[in-house]
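Residue strings, one per chain:
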4 protein chains.
Amino acid sequence: MVVILKNNVKQEEIQGLIAHLTGLGVEVHPIIGNTQSILGLVGDTSKLDPSMIQSHRIVEKVMYVQEPFKKANKVFHPENSVISVKDHLIGGKALSVMAGPCSVESYEQVLEIAKSIKASGAGVLRGGAFKPRTSPYSFQGMGSEGLEILKQVRKETGLPIVTELMSLEWLDKFVEDVDIIQIGARNMSNFDLLKEVGKSKTPILLKRGMSSTIEEFLMSAEYIMSEGNENVILCERGIRTFETYTRNTLDLSIVPAIKKLSHLPIIVDPSHAAGMWWMVEPLAKAAIAAGADGLMIEVHNDPANAKCDGQQSIKPAKFDALMTKLKKIAEVEEREI
Amino acid sequence: MVVILKNNVKQEEIQGLIAHLTGLGVEVHPIIGNTQSILGLVGDTSKLDPSMIQSHRIVEKVMYVQEPFKKANKVFHPENSVISVKDHLIGGKALSVMAGPCSVESYEQVLEIAKSIKASGAGVLRGGAFKPRTSPYSFQGMGSEGLEILKQVRKETGLPIVTELMSLEWLDKFVEDVDIIQIGARNMSNFDLLKEVGKSKTPILLKRGMSSTIEEFLMSAEYIMSEGNENVILCERGIRTFETYTRNTLDLSIVPAIKKLSHLPIIVDPSHAAGMWWMVEPLAKAAIAAGADGLMIEVHNDPANAKCDGQQSIKPAKFDALMTKLKKIAEVEEREI
Amino acid sequence: MVVILKNNVKQEEIQGLIAHLTGLGVEVHPIIGNTQSILGLVGDTSKLDPSMIQSHRIVEKVMYVQEPFKKANKVFHPENSVISVKDHLIGGKALSVMAGPCSVESYEQVLEIAKSIKASGAGVLRGGAFKPRTSPYSFQGMGSEGLEILKQVRKETGLPIVTELMSLEWLDKFVEDVDIIQIGARNMSNFDLLKEVGKSKTPILLKRGMSSTIEEFLMSAEYIMSEGNENVILCERGIRTFETYTRNTLDLSIVPAIKKLSHLPIIVDPSHAAGMWWMVEPLAKAAIAAGADGLMIEVHNDPANAKCDGQQSIKPAKFDALMTKLKKIAEVEEREI
Amino acid sequence: MVVILKNNVKQEEIQGLIAHLTGLGVEVHPIIGNTQSILGLVGDTSKLDPSMIQSHRIVEKVMYVQEPFKKANKVFHPENSVISVKDHLIGGKALSVMAGPCSVESYEQVLEIAKSIKASGAGVLRGGAFKPRTSPYSFQGMGSEGLEILKQVRKETGLPIVTELMSLEWLDKFVEDVDIIQIGARNMSNFDLLKEVGKSKTPILLKRGMSSTIEEFLMSAEYIMSEGNENVILCERGIRTFETYTRNTLDLSIVPAIKKLSHLPIIVDPSHAAGMWWMVEPLAKAAIAAGADGLMIEVHNDPANAKCDGQQSIKPAKFDALMTKLKKIAEVEEREI
């Protein structure tokens, strides 16, 4: 950590600050200039709260040198993590493709889609039972009934299931019933929820918040991991920018960035990013070419009558054709589906 | 609502869509062009889910004409709402100033600050007992002990208290103990939390999410109101942009926008917006000049040793001087503090 | 175009506006609701200025149905355009790779790099003679001397050259000397410059502005095309967002978007987007997988001593290895390099 | 400047870099940690190009300690600059209000508006002769004819005039004819134009680019000043964010930021920021309360028939009423109009 001091600060004030910082357990290396001085802090600075240092009136600003996350940090865990969901692996050589409808609508719907995506090579079934909707007047999901449908379809197809948890009150049920618990973009900074799912051992699919930096995203993973659950799968799903043509702007730079900064696997959701079904194919291929560990794709057998987000869902036949293309890109990347 | 159709769509497909939309309870007025056609929908379109319409493959895009919020909408409630917190009013002629430390640290600290801000004219005491922090290794607040301190200080000073609720598990206690429940920026789209606080009657201070549009902000208010609690106070606290000099970019345009769109009161938090204590005064004055109904300001007796966000807190003497200036701006606006 | 009127507007005011709009040469279809009315405009609305309509006090807002660009629009030109630069084609089955140093530093440097990238399969040599730099104290490029170097290297290698034009005063020289004139991101809305290059026949590489929407980007292409020069190559190079880990956020969604909206070719510059050399490979591969028509890549023989942007340049050997991988991705896309 | 090195770099590589940096004329203070080292650079670092340092492969990142601008920097020029335009002063105790139509449409129009705003207390007449428009098919301004009209109205009313320069080819004429040359937001990074106006002595009104940081804005001022013209007036006019309700997001935090960082005056343009006439009043008042040195406001006698941006123009009577309110806010700020 580097602490930049204000111009023309008195020597004794600097000494006071140095003493204070030393007391917090770090080594302080001062560089005293004619008008401006800086302090270099060496040691375990991840426990220091930069805002506390910044609140000293002689401090101009505080800059991180080391990343503030530890358990998610590649420096301390150079091998890439591979997360096991039954016999499905995420983060290894094989890519993980999670597919299914935006929301669970009926047993027949989910079963039909599940059989189809499985035949095309998907490894995990996605489907929302509890849906976060912008409007309180929109369909909010089937709730626990939806969860039961997912469980039945899992039994029938053998596909593990991933579905979104929106509230602590359902946590125990999710831990019991679900293979991967999804924390949605809107709850990426719901720290109480992160801590609680961190106490379970269930793999967590953590989606990037719409205005979350890469560092904040990894800090949210750190919240989960610091409670003991290191089975975190990151998921890029687009960020909010000034561009309005797409619903969100898919940020594929995050894929190499995460590969450099962290050992956690990262997958990409092209359906939510663009919000338009015809963009799913090019963005899915691009994600794999950029090095992503997998994809999450919305597939619906009847998008025009979907209860939510039909405009971004592709049909099973289109998904099947996409998988064929993805396999070829995966090969170039020396990976497989 | 206006539905734009794709180019060169067949007549029978258009007729099918019109029949479908009419079945949803709205009048459909088609405008058929040579290459492109549009459908104008008249009636109560707030119940229509635009994504469902958009998922029809002949639809290019769907545009709202009327705002999707109803209970928060000025059209259906032309008089400005005034929220009562005991005998303190928010949204009336008098401005509401909420002040206090970022986090509750001790009884003595909060009491000293509370007495001071009350003497300067503040009407509500703020203070965090549960703190949302980016890092799991930072101070997370005193929790229920902090809540007890706030209650004691309220008893001593008579100031109503506002503090942030982060999790459903504390809701009952908050409803019993707190005068205004704050929903923080990070939870603005935590819809389950919004629905639950909507079932209480306690006034809710809803902060704008960092990447929330004005419309989404009002839809979150709508979530609370649709459950029966119409005592919602909106709070602008800065949005996330490319500018890194300030922590967030305070968006004061939201003040006249809310005054036009909604009857709910709106206050401004200049401390969190800029993240720097010396910006609090100019931004606070600007907020009042723009027509805000009040302010939320961080005041700390010893910012350099604050347990959080000391760099954005002002000292009681500075707060007192600021209040004097604010009173003059309020007068120009024909309001009072 | 759809014109949304304010609530409770008088009938005669609506009739006045309809007469006014009809006078501008479009058909007006009114949909009169109980409280709110809308006007659907049919015909060639590209000549209407929406801000002029919006300035009527009874108008709430104006929404486009058709895109405001014409010559760049795929609707009026369904075949993809292929731009010829001597015998190098851009926008056809073969991908176009433009490579070279950020800035021209010496004849030897450019020649060495040019020979190397040509051997690896690049089709165009890039190199800045005039450099737009944030600081007036940074190296501003070699100017006309740099241009001469590029010409000599072209003579030696046969590679066509692309370089940035920053000012009208150099236009004639560029038209004479350069194979592709680059308009940089900072000048994307320098409309006078766009109009003037539009009067030449030289192919124009137009880079997307840092805060430009896809529509504005196409409108800038339209500026050039409306003057007669239809040889426009679009180039995505990252947009400005809140994310600070990368210098810009590469927006690959623009590739399928442009393919849908326009007939113009689009290439991607991963070097400027991320601003870090180790991100060039994954982003270059992703761009091709997303369907881009080519790439612009910074290659330097000695990045540590480059006079600008060395941190985002890759070395010739790395470029060669990248080209091998790109060829495989291109094959999957049924394209070639 | 602080240079952060990569982890586990060899001693001799560090020594090599230190020697290189010392050779550039700065003192280097190394802080060698167990895994990570940093170098503190002391001296005049404004001449160092951070991207050149960053291109060393052992460098992780480079962080500025001192601002990269010098002539615009308050540190080297602690007194606020006051710019004289004839006997009108900008940056002193008196606020500067510039008002007039978006574009010059006719002599009668401009004269009528000019007389009216002068009577209300405006000190400068604004009006566009050359207009930067998103569409090549929109009205592009009256050009030199518009300039003549402005000159005639200046003669008649005595008001100095400010108008936008879009292209070098008109520079000489502007220097001769115009009192303040405006550089628009779209040309803020048109460095060639900045350098050329920097060679004149005419005061320059520099508008902030839509995606420009505060630092980049000051660096553009530095471009002008480094050529000798220190008469730069900064103008905030809104930045581009995800919010679509307003055309741009007015960033009033820039006002105290500029007051801290620079000695240059800063005014605010609420008309372009919001893009809606009814937001002009609250945002204008807020700007003055935040400490701005003045305002630029669009006033039109017949907004519904304005040739551009009528939707954001206010009528003369409204402007007059606004000025009365602004005078009261100015008094509170101990300034005057």
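Model, not experiment: these values are computed from the prediction.

A. Representation of the overall build of chain A. The helix and strand inventory of chain A stands at 11 helices and 14 strands. If one aligns the C-alpha atoms of chain A with their principal axes, the spans along those axes are about 75 × 45 × 40 Å. Taken across its 337 residues, chain A has 65% of its residues classed as buried. The contacts of chain A with a sequence gap of at least 6 include a subset with a gap of at least 24, amounting to 67%. Surface exposure of chain A reaches about 11,100 Å², of which carbon and sulfur atoms provide 48%.

B. Spatial organisation of the sheet that holds strand β2 (residues 27-32) of chain B. Residues and elements named next belong to chain B. An order of β2-β3-β1-β4 is seen for the four strands of this open sheet, with the pairing classed as antiparallel. Of all the strands in the sheet, the pair left with one neighbour each is β2 and β4 (59-63). Adjacent strand axes in the sheet meet at a mean angle of 20°, parallel and antiparallel pairs treated alike. In this sheet, β4 lies alongside strand β1 (residues 2-5) in antiparallel orientation, the contact comprising four bridges. For Ile4, the partnering residue across the bridge sits in β4 and is Lys61.

C. Summary view of the interface of chain A and chain C. Taken together, the contact between chain A and chain C spans 35 residues of the former and 35 residues of the latter. Taken together, both faces of the contact between chain A and chain C bury some 2,800 Å²; the carbon and sulfur share is 73%. A salt bridge links Glu333(C) to Lys285(A), with the shortest nitrogen-to-oxygen separation between them at 2.8 Å. Summed over the shared surface of chain A and chain C, the number is six residue pairs in polar contact (both at pLDDT 80 or more). Listed by contribution, the elements that provide at least two residues to the side of chain A that touches chain C are α8 (254-261), α10 (280-289) and α11 (316-332) of chain A.

D. Main features of the relation of the copies chain D and chain C. Structural alignment of chain D on chain C gives an RMSD of 0.0 Å, achieved by rotating through 180° and translating 0.0 Å along the axis. With respect to symmetry, the two chain copies, as superposed, fit the operation of a two-fold axis. Residues of chain D ranked by C-alpha distance from the rotation axis are headed by Ser211(D), positioned 2.9 Å from it.

E. Examining the interface of chain D and chain C more closely. Opposite the 51 residues of chain D that make contact, chain C presents 51 residues. Contact with chain C buries surface across chain D, with Arg57(D), Tyr137(D) and Arg240(D) losing the most and accounting together for 15% of the total. One can count four salt bridges joining chain D with chain C. Measuring nitrogen to oxygen at the nearest pair gives 2.9 Å for the salt bridge that ties Asp49(C) to Arg133(D). Linking chain D with chain C are 23 residue pairs in polar contact (both at pLDDT 80 or more), by the criterion used here. The greatest single-element share of the side of chain D that touches chain C, amounting to five residues, is contributed by helix α7 (residues 214-226) of chain D.

F. Looking closely at the relation of the copies chain A and chain C. Overlaying chain A on chain C yields an RMSD of 0.0 Å, the required transformation being a rotation through 180° with an accompanying axial translation of 0.0 Å. A share of 100% of the interface residues of chain A reappears at the interface of chain C, consistent with the copies meeting face to face through the same patch.

G. Looking closely at the pairing of strand β11 (residues 204-207) of chain D. Residues and elements named next belong to chain D. Judged by which residues are buried, β11 turns out to be covered on both faces: Ile204 and Leu206 on one side and Leu205 and Lys207 on the other are all buried. Taken together, the three bridges between strand β10 (residues 180-183) and β11 define a ladder with parallel strand orientation. Considered in β11, the bridge of Gln182 is made with Leu205. Handedness of the crossover joining β10 and β11 through helix α6 (residues 191-198): right-handed. Sheet analysis places β11 next to strand β12 (residues 232-236), joined by four bridges and oriented parallel. Across the sheet, the residue bridging to Leu205 is Ile233, located in β12. In this region the chain leaves β11, passes through α7 and returns to the parallel neighbour β12; the handedness of that crossover is right-handed.

H. Layout of the packing of helix α10 (residues 280-289) of chain D against helix α11 (residues 316-332) of chain D. Residues and elements named next belong to chain D. For the pair α10 and α11, the least separation of the axes is 9 Å and the interaxial angle reads 20°. Relative to α11, the element α10 lies roughly parallel. You can see that α10 and α11 cross each other, and the crossing is right-handed. Across the interface between the two elements, Val280, Glu281, Ala284, Lys285, Ile288 and Ala289 from α10 touch Leu322, Lys325, Leu326, Ile329 and Ala330 from α11. Of the residues in the contact of α10 with α11, the class split is eight nonpolar, no polar and three charged.

I. Just the pattern of salt bridges, in detail. Under the defined criterion, the tally for this structure stands at 84 salt bridges over all chains. For Glu196(C), the salt bridge identified is with Lys199(C), shortest N-O distance 3.0 Å. Connected through salt bridges with shared partners, the residues Glu148(A), Lys151(A), Lys173(A) and Asp177(A) form a single ionic network.

J. Layout of the side chain of Gln312(B). Residues and elements named next belong to chain B. Within the secondary structure layout, Gln312 lies in the loop between β14 (294-298) and α11 (316-332). Given the relative accessible area of 0%, Gln312 is considered buried. Setting aside chain neighbours within four positions, we find Gln312 in contact with Arg247, Ser271, His272, Gly275, Met276, Trp277, Val280 and Glu298.

K. Here's a closer look at the sheet that holds strand β1 (residues 2-5) of chain D. All names here are of chain D. Pairing is antiparallel across the open sheet formed by four strands, whose spatial order is β2-β3-β1-β4. The open sheet is flanked by β2 (27-32) and β4 (59-63), the only strands paired with a single partner. Averaged over all adjacent pairs, the angle separating strand axes in this sheet is 20°, with direction ignored. Summarising the sheet, β1 and strand β3 (residues 37-42) pair through three bridges and their orientation is antiparallel. Considered in β3, the bridge of Ile4 is made with Ile38.

L. Broad picture of the environment of Lys118(A). Residues and elements named next belong to chain A. When you line up the elements, Lys118 lands in helix α3 (residues 107-120). Take Lys118: its relative accessible area is 42%, and that puts it in the partly exposed class. If we skip the residues at most four places from it in the chain, Lys118 touches Thr157 and Leu159.

M. Fine view of the UniProt feature "domain: DAHP synthetase I/KDSA" (unreviewed entry) in chain A. If you check UniProt for "domain: DAHP synthetase I/KDSA" (unreviewed entry), the listed places come out as residues 87-329 of chain A in our numbering. Overall, residues 87-329 of chain A shows 38% helix and 15% strand. The separation of its end C-alpha atoms is 24 Å.

N. The packing of aromatic side chains, seen in detail. As enumerated under the stated definition, the model contains 12 aromatic pairs over all chains in all. Considering the side-chain rings of Phe130(D) and Phe174(D), the 6.0 Å spacing of their centres and the 45° angle between planes classify their relative orientation as tilted. With Phe130(D) in the loop between β8 (124-126) and α4 (144-157) and Phe174(D) in helix α5 (residues 171-177), this residue pair connects regions lying 44 residues apart in the sequence. Among the aromatic side chains, those forming a connected cluster through ring pairs are Phe130(A), Trp170(A) and Phe174(A). Geometry around Phe139(B) places Lys307(B) over its ring, the cationic atom sitting 5.1 Å from the centre.

O. Highlighting α11(A). With 17 residues, α11(A) should cover 24 Å at 1.5 Å per step; its first-to-last C-alpha distance of 25 Å lies within 8% of that length. All of the buried residues along α11(A) are Pro316(A), Phe319(A), Leu322(A), Met323(A), Leu326(A), Ile329(A), Ala330(A) and Val332(A). Taken down its axis, α11(A) places every buried residue within 160° of arc, on the same side. In α11(A), the exposed positions angled more than 90 degrees off the buried face are occupied by Ala317(A) and Glu331(A). Residues of α11(A) that are buried sit in contact with β7 (96-100), α3, α10 and β14 (294-298) of chain A together with α10 (280-289) and α11 (316-332) of chain C. Glu334(A) sits one or two residues past α11(A) and shows a positive phi near 55°.

Conventions we followed
Residues numbered from 1 in each chain as written. Chains lettered and ligands numbered in written order. Predicted model: local features only at pLDDT ≥ 70, side-chain atom pairs only at ≥ 80, totals over all residues. Heavy atoms only, no water. Helix = DSSP H or I, 4+ residues; strand = E, 2+ residues; numbered from the N terminus. Buried < 20%, exposed > 50% of the residue type's maximum accessible area, 1.4 Å probe, protein only. Contact = heavy atoms within 4.5 Å. Areas by Shrake-Rupley, 256 points an atom, 1.4 Å probe, with all protein chains shown as cover. Pairing = 2+ DSSP bridges. Axes fitted to C-alpha atoms, helices over the stretch in contact; angles between N-to-C directions. Buried area = accessible area lost by both parts, 1.4 Å probe. Salt bridge = Lys/Arg side-chain N within 4 Å of Asp/Glu carboxyl O. Polar contact = N/O pair within 3.5 Å; in protein donor to acceptor, adjacent residues only side chain to side chain. Least-squares fit on C-alpha atoms with pLDDT ≥ 70 in both. Right-handed = clockwise from strand over helix to strand, strands pointing away. Parallel < 35°, antiparallel > 145°, perpendicular 65-115°, else oblique. Left-handed = near helix turned anticlockwise from the far one by under 90°. Nonpolar A, V, L, I, M, F, W, Y, C, P; charged D, E, K, R; others polar. UniProt positions renumbered as here; feature names shortened; annotations may be inferred. Phe/Tyr/Trp six-rings, centres within 6.5 Å; stacked < 30°, edge-to-face > 60°. Lys NZ or Arg CZ within 6 Å of the ring centre and 35° of its normal. Expected span 1.5 Å × (residues − 1). Arc of directions from axis to C-beta.

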